[in-house]
Amino acid sequence: MAELQKKLQDLSDEYQKFQGELSTAVEARQKLESQQQENTTVKKEFDILADDANIYKQIGPVLLKQDKAEAVMAVNSRLEFIEKEIRRIETQIKEIQEKSEKVKMEIIQIQSAAQQAQAAS
């Protein structure tokens, strides 16, 4: 019975670890989605600007003039990167959920086996 208890505790710890990892991954995805939304808004603003409009980029405390084509390319490449990261993190979330579910099922099996053994005695 002590061996079963130890295994149950180990699985419970593992399950909690997966839940922590899942929480971290979800937070990262939310942050990326926020950045994606910001960059999409910037891209829409660029679409309505004239080609000769003044665009400034903040680098530290300084505003530097930037060419529109260059700015649009930078935003597009940032959006591309963010989309790839979101896909990567969603894959990671899916894997963590699958591992977590396996551990959860194992915990349930051990608990039900322990209850049946207890009921039989």
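Residues numbered from 1 in each chain as written. Predicted model: local features only at pLDDT ≥ 70, side-chain atom pairs only at ≥ 80, totals over all residues. Heavy atoms only, no water.

## Some remarks on the overall build of the chain
And then number 1: Helices and strands together make up the secondary structure of the chain, namely two helices and two strands.
And then number 2: Sequence-ordered secondary structure for the chain, helices as α and strands as β, is α-β-β-α.
And then number 3: Its C-alpha atoms give the chain a radius of gyration of 25 Å, more than 25% over the compact-globule value 14 Å for 121 residues.
And then number 4: For the C-alpha atoms alone, the extent of the chain along its principal axes is close to 85 × 25 × 15 Å.
And then number 5: The buried share of the chain, reckoned over its 121 residues, is 21%.
And then number 6: In the chain, the share of contacts with a sequence separation of at least 24, taken over all contacts with a separation of at least 6, comes to 76%.
And then number 7: With the model as given, the accessible surface of the chain reaches about 9,200 Å², and the carbon-plus-sulfur share is 51%. (Helix = DSSP H or I, 4+ residues; strand = E, 2+ residues; numbered from the N terminus. Rg over C-alpha atoms; globule rule 2.2 N^0.38 Å. Buried < 20%, exposed > 50% of the residue type's maximum accessible area, 1.4 Å probe, protein only. Contact = heavy atoms within 4.5 Å. Areas by Shrake-Rupley, 256 points an atom, 1.4 Å probe, with all protein chains shown as cover.)

## Remarks on helix H1 (residues 2-48)
And then number 1: Compared with the 69 Å implied by 1.5 Å per residue over 47 residues, the 69 Å span of H1 between its first and last C-alpha is a close match.
And then number 2: Residues Leu-8, Leu-11, Phe-18, Leu-22, Ala-25, Leu-32, Asn-39 and Phe-46 constitute the buried set of H1.
And then number 3: In this fold, the buried residues of H1 make contact with strand E1 (55-59) and helix H2 (68-120). (Expected span 1.5 Å × (residues − 1).)

## Thoughts on the UniProt feature "coiled-coil region" (unreviewed entry) in the chain
And then number 1: Mapped onto this numbering, the UniProt entry gives "coiled-coil region" (unreviewed entry) at residues 1-45 and 72-113.
And then number 2: Structurally, residues 72-113 comprises 100% helix and 0% strand, and the distance from its first C-alpha atom to its last is 61 Å. (UniProt positions renumbered as here; feature names shortened; annotations may be inferred.)

## Focus: the pattern of salt bridges
And then number 1: Scanning the model with the defined rule gives five salt bridges in all.
And then number 2: For Glu-33, the salt bridge identified is with Arg-29, shortest N-O distance 3.9 Å. Of this pair, Glu-33 and Arg-29 both sit in helix H1, four residues apart, which is roughly one turn of the helix.
And then number 3: Accessibility expressed as a relative area gives 34% for Glu-33, which makes it partly exposed.
And then number 4: Under the relative-accessibility criterion, Arg-29 is labelled partly exposed at 23%. (Salt bridge = Lys/Arg side-chain N within 4 Å of Asp/Glu carboxyl O.)

## Considerations on the environment of Thr-41
And then number 1: Here Thr-41 lies in helix H1.
And then number 2: Judged by its relative accessible area of 38%, Thr-41 falls in the partly exposed class.

## Describing the pairing of E1
And then number 1: Summarising the sheet, E1 and strand E2 (residues 62-66) pair through five bridges and their orientation is antiparallel. Residue Ile-55 lies in a different strand from E2, and its bridge partner there is Gln-66.
And then number 2: Linking E1 to E2, which pair antiparallel, is a turn of two residues; within it Gly-60 sits at a positive phi near 65°. (Pairing = 2+ DSSP bridges.)

## Structural notes on the packing of H1 against H2
Helix packing for two helices is described by the angle between their axes and how far apart those axes are.
And then number 1: One way to put it is that H1 packs onto H2 with a least axis distance of 7 Å and a crossing angle of 160°. The orientation of H1 with respect to H2, classified from their angle, is roughly antiparallel. H2 is crossed by H1, and the crossing has left-handed handedness.
And then number 2: Residues that form the contact of H1 with H2 fall into these classes: 25 nonpolar, 10 polar and 14 charged. (Axes fitted to C-alpha atoms, helices over the stretch in contact; angles between N-to-C directions. Parallel < 35°, antiparallel > 145°, perpendicular 65-115°, else oblique. Left-handed = near helix turned anticlockwise from the far one by under 90°. Nonpolar A, V, L, I, M, F, W, Y, C, P; charged D, E, K, R; others polar.)

## Focus on the confidence of the model for the chain
And then number 1: Taken as a whole, the chain shows an average pLDDT of 93; of its residues, 98% reach a score of 70 or greater.
And then number 2: When mean pLDDT is compared element by element in the chain, E2 scores highest at 95, while E1 scores lowest at 93. (pLDDT = per-residue confidence, 0-100.)

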